Amino acid sequence: MAVWSSSGVAPRVATVSQPDIGAVSPGSFTAMAAPGERPRPARLGRDRRLLNPKDFQEILRDGRRAASSLVGVSVRTARGAGRVGIAASAKVGGSVVRNRAKRLIREFFRHTYRGAAPYDIVVSVKPGFADLTYSDACRSLHEVIARAAGRGARGDTPPRPRH
């Protein structure tokens, strides 16, 4: 924080002491930690995200699908630790809107599946999802995932045409 001197000529920088937290930035920690313990990172790690386009395609092809007016999901039983992938096209909005939607979804999964999720899930965001509050977004995601997970092998949705 810059503080102007009385003459108004040269700014000086006020120093603020920071707690010693090692090499990790303070924004990447959860607010609560047990006394004497280092806080756990508050993020959805790479091991809990779908990163390979081939994995996205397999889940979209073989998974059980369900959708609402704001979000669509494709769910497949996880072969290992469950992961989540998020698809937000330009139809959702600009980059700020798409990133808000993705943050809402990541936060939902981080809180809902603290351990590994039992499913590999691809979430397709639709226009209007980013305008929801966090609690409304959680409710919408929970309902759609429960519908998709409760269906049979392919569910009641017809297979997608292959062109």
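Conventions used here
- Residues numbered from 1 in each chain as written.
- Predicted model: local features only at pLDDT ≥ 70, side-chain atom pairs only at ≥ 80, totals over all residues.
- Heavy atoms only, no water.
- Helix = DSSP H or I, 4+ residues; strand = E, 2+ residues; numbered from the N terminus.
- Buried < 20%, exposed > 50% of the residue type's maximum accessible area, 1.4 Å probe, protein only.
- Contact = heavy atoms within 4.5 Å.
- Areas by Shrake-Rupley, 256 points an atom, 1.4 Å probe, with all protein chains shown as cover.
- Pairing = 2+ DSSP bridges.
- Expected span 1.5 Å × (residues − 1).
- Core = buried A, V, L, I, M, F, W, Y, C linked by side-chain atoms within 4.5 Å.

Novice: Account for the overall build of the protein, with residues named and values stated.
Specialist: Looking only at helices and strands, one finds three helices and six strands in the protein. Start at the N end of the protein and walk to the C end: the helices and strands fall as β-β-α-β-β-β-α-β-α. Burial status across the protein gives 31% buried among its 163 residues. Considering only residue pairs separated by 6 or more positions, the protein has 70% of its internal contacts joining residues 24 or more positions apart. Element-wise, carbon and sulfur atoms account for 55% of the exposed surface of the protein, whose accessible area totals about 10600 Å².

Novice: Mind laying out the environment of Phe 108, listing which residues take part and the relevant values?
Specialist: Looking at the element boundaries, Phe 108 is found in helix H2 (residues 95-112). Through-space distance from the C-alpha of Phe 108 to that of His 142 is 9.0 Å; in sequence the pair is 34 residues apart. Look past the residues within four positions of Phe 108 in its chain and what remains in contact with it is Tyr 134, Cys 138, Leu 141, His 142 and Ile 145.

Novice: Help me get a handle on the pairing of strand S4 (residues 71-82), residues and values and all.
Specialist: As judged from the four bridges shared by strand S3 (residues 64-67) and S4, these two strands associate in the antiparallel manner. The residue of S4 that forms the bridge with Ala 67 is Gly 72. Here S3 folds back onto S4, and the loop between the two strands holds three residues.

Novice: For H2, give the residues involved together with the corresponding values.
Specialist: When the terminal C-alpha atoms of H2 are compared, their 25 Å separation across 18 residues agrees well with the 26 Å that a helix rising 1.5 Å per residue should span. Buried within H2 are the following residues: Ala 101, Leu 104, Ile 105, Phe 108, Phe 109 and Arg 110.

Novice: Before we move on, can you summarise the nonpolar core with the specific residues and values?
Specialist: Core analysis: the biggest nonpolar cluster contains 28 residues, and Val 73, Ile 105, Phe 109, Ile 121, Val 123 and Phe 129 have the highest contact counts within it. Counting residues per element, the ones that place at least two in this core are S4, strand S5 (84-87), H2, strand S6 (117-125) and helix H3 (134-149). Here this core takes six residues from H3, the largest share from any one element. Setting aside residues up to four positions removed in sequence, Val 123 forms contacts with Val 71, Gly 72, Val 73, Val 84, Gly 85, Ile 86, Ala 87, Ile 105, Phe 109 and Leu 141.

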